[in-house]
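Each chain is listed here by its residues.
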Amino acid sequence: MNRIIGIITMTLNLIILVRDTREPTCSQLAILTDELIQADKIKFVIVDFEFTMINRKDLLLVSGSMSNSLDKYKPVKLEGKPIVLTTTNKLKMLQNREVKKVMQRVGRIFRNKPELLLLLLGQLEASLKLKGGTILSTTYINQYLHTDNRIPVIVFWNGTTDKEILQKLGLNRKMLNITSYSDNNNNYFNLKLLEISGSTSKLLYSSRIGYQEKNGYYKMPI
């Protein structure tokens, strides 16, 4: 684990150098870590899901993407019929009769963020029309994580809900979360690396990244 922390720490130091950019994408994070991955028994897997709430309890998994350090971080898009993840950890496919209600709820949630609304509705429509086999599934994700003899270490960016989705899919693995937070609510932000594999999170690394004007909730992307 110390080896993993060392590699991620160097990566975070590089992220600090480019903190004036927007939130890193999977590809940008991959470029930052590409030359740092030297461990021979692990692989880093960057995971990002597209999701929304369909009621006050259940999550709708719409799509996602993954990339890993052994495949030069070539992104793989997870597409298929959207999956409803219930509070009782039961999985079910979104039924056609539920689509209109879901779209109406998504419209209410993102009514003040039209750019996000259009993207999510577009992806939802594309997923519903997708023909052929699906790779938005527990089976495919598990195979992707274990197609070699390396230990997968999953990395999220502000991935609290992404972790919840993996757990609902029955995929509990070693998980790390990169985030930025103003501990004193004074607009001075710290870049943090946390291990979130268990029921609680453990701080592994923290470094100040400077002042950023922001109102409201003191958690932000870089």
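Reference entry: report on the structure contained in this document.

Cut-off values and rules
Residues numbered from 1 in each chain as written. Predicted model: local features only at pLDDT ≥ 70, side-chain atom pairs only at ≥ 80, totals over all residues. Heavy atoms only, no water. Helix = DSSP H or I, 4+ residues; strand = E, 2+ residues; numbered from the N terminus. Buried < 20%, exposed > 50% of the residue type's maximum accessible area, 1.4 Å probe, protein only. Areas by Shrake-Rupley, 256 points an atom, 1.4 Å probe, with all protein chains shown as cover. Polar contact = N/O pair within 3.5 Å; in protein donor to acceptor, adjacent residues only side chain to side chain. Pairing = 2+ DSSP bridges. Salt bridge = Lys/Arg side-chain N within 4 Å of Asp/Glu carboxyl O.

### A word on the overall build of the protein
Here's step 1: For the protein, the helix and strand inventory stands at six helices and nine strands.
Here's step 2: Within the protein, the fraction of its 222 residues that count as buried is 45%.
Here's step 3: As displayed, the protein has an accessible area near 12,500 Å², and 50% of this comes from carbon and sulfur atoms.

### Remarks on the side chain of Ser-182
Here's step 1: Turning to its location among the elements, Ser-182 is positioned in the loop between β7 (174-181) and β8 (188-195).
Here's step 2: Since its relative accessible area comes to 0%, Ser-182 is described here as buried.
Here's step 3: Engagement of the side chain of Ser-182 in a polar contact is seen with the backbone oxygen of Tyr-188, the distance being 3.3 Å.

### Thoughts on the pairing of β8
Here's step 1: By the criterion of burial, β8 is predominantly enclosed, with seven of the eight residues buried.
Here's step 2: Where β7 hands over to β8, the hairpin turn is made up of six residues, of which Asn-185 adopts a positive phi near 55°.
Here's step 3: When β8 meets strand β9 (residues 202-211), the two strands line up antiparallel, connected through eight bridges. Pairing of Phe-189 across the sheet is with Gly-210, part of β9.
Here's step 4: Count of turn residues in the β8/β9 antiparallel hairpin: six residues.

### So, the pattern of salt bridges
Here's step 1: The full count for this structure, using the stated rule, is three salt bridges.
Here's step 2: Lys-43 is the salt-bridge partner of Asp-148, the closest N and O atoms lying 3.1 Å from each other. Separated by 105 residues along the polypeptide, Asp-148 in the loop between α5 (138-145) and β6 (151-157) and Lys-43 in strand β1 (residues 42-53) bring together distant segments of the chain.
Here's step 3: Overall, Asp-148 belongs to the partly exposed group, its relative accessible area being 28%.
Here's step 4: Judged by its relative accessible area of 0%, Lys-43 falls in the buried class.

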